[in-house]
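Per-entry structural report
Chain by chain, the residues run as shown.
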Amino acid sequence: MSGDVLIVVGAGIVGAACAERASAEGFDVTLVEPGTVGGGATAAAMGHLIAMDDDPAELALSHYSLGLWNSLADLPQAQFSRCGTLWVAADERELAGVPAKLERLAAVGIHAEAVDSAALYQLEPALAPRLAGGMLVPRDAVVYGPAVAMHLVECAQARGARLLRDRALRLTRDGVELHGGRTLRGTVLVATGCALRELLPALPMRARKGHLVITQRYPGLLRHQTLELGYADSAHGSDDSSVAFNVQPRPTGQILIGSSREFDDAMDPAVSMPMLRRMLERSFRYLPALRGLDALRVWTGFRPTSIDGRPYIGRVPGMEHAWVAAGHEGLGITTALGTACLLLDQLLQRPTAIDAAPFDPARLAATVAA
Amino acid sequence: MAERYDVLVVGAGPAGLAAAQAAAGQGARVAVLDAQPRAGGQVWRHDVRHAPSAAAARGIHDGLKPPIEWLAGTSVVAAQGDALLVQTPQAARWLHYGNLVLATGARELLLPFPGWTLPGVVGAGAAQALAKQGWPLAGKRVVVAGSGPLLLAAATTLRAHGAHVVAICEQAEASALRGFAAGLWRWPGKLLQAGRLRLQLAGVPYRGGTVVQRALPAADGCLLRAVGIAGPRGTERLACDMLAVGYGLIPNMELARLLGCATQAFGAHAAVQVDARQHTSLDHVYAAGEACGIGGVDCARIEGAIAGLAAAGAAVPAGLLRRRGHARAFAAALRRTFALRPQVHALASADTLVCRCEDVTLGMLDGHADFRSAKLATRCGMGACQGRICGAALAELGRFPHAGSRPPLFPARLSTLAHAEPAS
């Protein structure tokens, strides 16, 4: 494949990872990005590297990708912190779901342990009283996504890849036309997240807005990325809007607070005070000490969300030269590296490390066409 | 309970107090809020050892006179619809308004140079504020440097509090200063004020065309011992315990930006755009004083009065508009005189810190096309000041234009951000 042209559209963490992998495989890579590298959903994200077990296909992709992330653990600007994930059970009913989760994680080789109430407070003394317990996934981690995206782009550039500051206008029969007027010829990989609609309207994609709050520095208050077990219902349910307790200790000592979800196809970045309030009230319920902490900044971002919540990774149906890697919802950072390998293996017609079928864009394009 | 004011004034400096007084005079229900515990803003800041000037005492008294409601120690956190979310050290609440007057004042422009982060180096205005609040200065050797009339005011206050002012280093050329002084007859009040300051500063060298190039640490490396200056007489070293350095004032724009007011260029920075009645681009929002471009206390008083009248729905007398024109002309003359010379923009080297919160050097920003890209890669502007210092400095140095504003305007308690808005 040496010398074959690959045009990667979009330099978020997914596009950057694909460009890095493709350049390593000998492709002649051009990366098309009008904005800041890693400046979209990547910059808005929490950067949580997490094994979510509620969908077997996503779990396989996450596990695969988490293994690849180990190669970046020592990259200083990645700010890689293996803080682990502590899942909190509010009550006995939620706690009863833990053994099944342990089993699903163990099945792919991820170590996790059940946590009883006493152990829960040893792990995170600041948690609200009378929580039932939970589950600890010690190998989960936290990274700083934009810096990793920039690093991956630099790796690709060191192998000869070009970064073109332009915006893709439309796919042509054998390439892509840019706003600047140029047309690039070659195989095209679309990794534009929420902007996928502009280039591939046949693939359903919605923008799911989220709010995040970061505090001043309070080192030691929190040690693990801590989530409520109900998080998956919020993340993967299809409710119009939802919030979940999801807080993260940054290596700076700051606390990053999520998470909210609401569909907003107009992508209005304004902070919604009612939604912010709802999200914070949820977090106070689990971590009352948050109330008195000072917030430094609030921002919003948009998760690219396909109809079934799984990303599109593979060839665009009906287009010989166009590929897609987009729609990772809240798992883009976790699964970016795995996505890149999964896509490159398909592009090079090699066997894939995990089953690619659940991510085949044809699964939804077909239903749309029908 | 929802609190609603006909006119809500943000900022209790000269402009805000004048606005409150004027609006209340029209029978409007008025409240003035300020993040500080005492009214007066920067220029009329309370001095623990000296009585206020007659003008300050009268301005503060008239601007807070009941039924005007005075909301001390109240900072604005966020905005939504016709309401502001505010917090005090104890509580949070939503304040609704019919019309809003932004009198948010100004802050110092701090520019990076080698050694500027050493303990002992402070802003010129900051030094003045610290002195008024009782910071011990007796016998301290202070160099006052930077640019603009604030240096004279700061030096006067420092001296009155017992400091030994070694020198005032003004970057503007002596010739520009002489030209400015020669034109002062047009503003007799200012001429008088300048003469008074000159007397109070008798014996203190005032050096034109002189710039502090670096602050030098003592042998232990962590305290200021001297400054290196460059002027018409070449370079030299001045021993001192403190350097008070500021390069003039720039408008506080956070709230105006958050609300979405149109802005206009103020040098490399921005000011709120207003019409003749101090009306911003937004229906129910007025602005007055330094937020509309640095104009000084007299200008702020006049614009505050205009904004207060307009916000209360009253007619604005032509005399006020004329006086504003005169005051703004003085401000323009000041800006021409004290325009920063290129030398000032070149003081920082690649290894000079530009973002103090996150320890980012100027050199680390090389190769970044915009503030956001630089911020994501280096954390520049992500710290406690949220780019207030480094953002302004980088705009002044011509690196990146200033970024937008988002809630909270100042670090705010999470419980405040979660404070429910009462049904209005």
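Scoring rules and cut-offs
- Here the residue numbering is sequential within each chain, running from 1 through the sequence in written order.
- Throughout, the order in which chains and ligands are written sets their labels, letters from A for the former and numbers from 1 for the latter.
- This being a predicted model, a pLDDT of at least 70 is required before a residue's local features are given, and a value of 80 or more before pairs of side-chain atoms are given or counted; all residues contribute to the totals for chains, interfaces and linings.
- Note: side-chain values were computed over all heavy atoms of the structure, leaving out hydrogens and water.
- Residue ranges labeled as domains rest on an automatic or database domain assignment.
- Contacts between residues were defined by any pair of non-hydrogen atoms, one from each residue, lying within 4.5 Å.
- Take the accessible area each of two parts loses on contact, using a 1.4 Å probe, and add the two losses: that sum is the buried area.
- A pair is scored as a salt bridge if a Lys or Arg side-chain nitrogen falls within 4 Å of a carboxyl oxygen belonging to Asp or Glu.
- Labels follow the DSSP assignment, with helices taken as runs of H or I lasting at least four residues and strands as runs of E lasting at least two, numbered in each case from the N terminus.
- Throughout, the ten residues Ala, Val, Leu, Ile, Met, Phe, Trp, Tyr, Cys and Pro are labelled nonpolar, Asp, Glu, Lys and Arg are labelled charged, and all others, Gly among them, are labelled polar.
- Whenever a nitrogen or oxygen atom comes within 3.5 Å of another N or O atom, the pair is scored as a polar contact, on the condition that within protein one atom can donate a hydrogen and the other can accept it, and that pairs from neighbouring residues in sequence are kept only if both atoms are in side chains.
- We call Phe, Tyr and Trp rings a pair once their centres come within 6.5 Å, taking the six-membered ring for Trp, and we label the pair stacked below 30 degrees between planes, edge-to-face above 60, and tilted otherwise.
- Note on classification: 1.4 Å probe, protein chains only; a residue is buried when its accessible area is under 20% of the maximum for its type, exposed when over 50%, partly exposed between these limits.
- Assignment of crossover handedness uses the view with strands pointing away from the viewer, where a clockwise path from the first strand over the helix to the second indicates a right-handed crossover.
- Should DSSP find at least two bridges between two strands, the strands are taken to pair.
- Definition used in this section: a nonpolar core is a set of buried Ala, Val, Leu, Ile, Met, Phe, Trp, Tyr and Cys residues joined via side-chain atoms within 4.5 Å.
- Lines fitted to the C-alpha atoms define the axes, with helices restricted to the stretch that makes contact. Angles between their N-to-C directions range from 0 to 180 degrees.

As a further point, take the domain arrangement of chain A. All names here are of chain A. With domains assigned, chain A is organised as domain 1 (5-45 + 145-204 + 308-369) and domain 2 (82-139 + 206-305). Measuring from the centre of the C-alpha atoms in domain 1 to the corresponding centre in domain 2 gives 29 Å. Each partner contributes residues to the interface: domain 1 has 12 residues there, and domain 2 has 15 residues. Interface area for domain 1 against domain 2, summed over the two sides, is near 1000 Å², with a carbon-plus-sulfur share of 60%. Looking at the side of domain 1 facing domain 2, the largest losses of area belong to Cys 194, Arg 197 and Glu 329, adding up to 54% of the total buried there. Here domain 1 and domain 2 share 3 salt bridges between them. Salt-bridge contacts for Arg 197 lead to Asp 265; the nearest nitrogen and oxygen are separated by 3.5 Å. For the side of domain 1 that touches domain 2, the element with the most residues is helix H2 (residues 41-44), which contributes 3 residues. Here the side of domain 1 that touches domain 2 is built from residues that sort into 6 nonpolar, 4 polar and 2 charged.

We now examine the domain arrangement of chain B. Residues and elements named next belong to chain B. When cut into domains, chain B gives domain 1 (3-107 + 250-336) and domain 2 (110-247). Between the C-alpha centres of domain 1 and domain 2 the distance comes to 29 Å. Facing 14 residues of domain 1, the contacting portion of domain 2 comprises 12 residues. At the boundary of domain 1 with domain 2, total buried surface from both sides reaches about 1300 Å², with 59% on carbon and sulfur atoms. It is Arg 45, His 326 and Phe 330 in domain 1 that bury the most area against domain 2; as a group they hold 40% of the surface buried on that side. The interface formed by domain 1 and domain 2 holds 1 salt bridge in total. Put simply, Asp 298 and Lys 190 hold a salt bridge, and the shortest N to O gap is 3.2 Å. Where domain 1 packs against domain 2, one counts 6 residue pairs in polar contact (both at pLDDT 80 or more). The residue makeup of the side of domain 1 that touches domain 2, split by class, is 6 nonpolar, 4 polar and 4 charged.

All names here are of chain B. Considering all chains together, one arrives at 6 aromatic pairs over all chains under this definition. Between the aromatic rings of Phe 180 and Phe 338, the centroid separation amounts to 6.0 Å while the plane-to-plane angle is 70°, which identifies the pairing as edge-to-face. Taken together, the residues Phe 180 in helix H5 (residues 174-182) and Phe 338 in the loop between helix H9 (318-337) and helix H10 (342-345) connect sequence positions 158 residues apart. With respect to burial, Phe 180 and Phe 338 carry one shared label: buried. Centroid distance Trp 187 to Phe 330: 5.1 Å. Interplanar angle 65°. Geometry classified as edge-to-face.

Right, let's talk about the side chain of His 48 of chain A for a bit. All names here are of chain A. Its location among the elements puts His 48 in strand S3 (residues 48-49). Of note is the side chain of His 48, whose polar atom sits 3.3 Å from the side chain of Gln 225. Residue contacts for His 48: discarding those within four places in its chain leaves Thr 85, Asp 140, Ala 141, Val 142, Gln 225, Leu 227, Gln 248 and Thr 334.

Before going further, it helps to examine the pairing of strand S2 (residues 30-33) of chain B. Residue and element names in this part refer to chain B. Burial of S2 is two-sided: the residues Val 30 and Val 32 facing one way and the residues Ala 31 and Leu 33 facing the other way are all buried. Each parallel crossover has a hand, and the one from strand S1 (residues 3-10) via helix H1 (residues 14-25) to S2 is right-handed. Pairing analysis gives 3 bridges linking S2 to strand S3 (residues 69-71), with the strands arranged parallel. Bridging from a neighbouring strand, Leu 33 pairs with Leu 71 of S3.

So, on to the nonpolar core. All names here are of chain A. Of all hydrophobic cores here, the largest spans 77 residues; its most connected members are Ile 13, Phe 27, Leu 49, Trp 69, Trp 87, Leu 105 and Leu 189. Broken down by element, this core gets its largest block of residues, 9 residues, from helix H11 (residues 332-347). Each of domain 1 (5-45 + 145-204 + 308-369) and domain 2 (82-139 + 206-305) gives at least three residues to this core. Apart from residues no more than four positions distant in its own chain, Trp 87 is found in contact with Ile 50, Met 52, Gly 133, Gly 134, Met 135, Val 137, Leu 227, Glu 228, Leu 229 and Tyr 231.

Turning our eyes to something else, we now look at the sheet that holds strand S22 (residues 412-413) of chain B. Spatially, the 9 strands line up as an open sheet ordered S5(A)-S6(A)-S4(A)-S14(A)-S15(A)-S16(A)-S13(A)-S17(A)-S22(B), and their pairing is mixed. In the strand order of this sheet, the two ends are held by strand S5 (113-116) of chain A together with S22 of chain B, each with one partner. Against the sheet, helix H5 (residues 98-107) of chain A contacts S5 and strand S6 (133-137) of chain A, and its axis sits at roughly 10° relative to S6 of chain A.

Residue position: Gly 38 of chain A is located in the loop between strand S2 (28-32) and H2. If sequence neighbours within four positions are ignored, Gly 38 of chain A has contacts with Ala 11, Gly 12, Ala 43, Pro 146 and Ala 149 of chain A together with Leu 376 of chain B.

If you look at the interface, chain A gives 34 residues, while chain B gives 31 residues. Together, the buried faces of chain A and chain B total about 2500 Å²; carbon and sulfur atoms form 58% of this surface. When the buried area of chain A at its contact with chain B is split by residue, Met 273, Arg 277 and Arg 297 of chain A rank highest and sum to 26% of it. Between chain A and chain B we count 1 salt bridge in total. Among the ionic pairs, Glu 358 of chain B bridges to Arg 217 of chain A, the shortest N-O distance being 2.9 Å. For the pair chain A and chain B, the interface holds 11 residue pairs in polar contact (both at pLDDT 80 or more). Residue assignment for the side of chain A that touches chain B shows that the elements contributing at least two residues are helix H7 (145-158), strand S13 (206-217), strand S16 (254-263), helix H10 (273-286) and strand S17 (294-305) of chain A. If one sorts the elements of the side of chain A that touches chain B by residue count, H10 of chain A sits on top with 7 residues. The residue makeup of the side of chain A that touches chain B, split by class, is 18 nonpolar, 10 polar and 6 charged.

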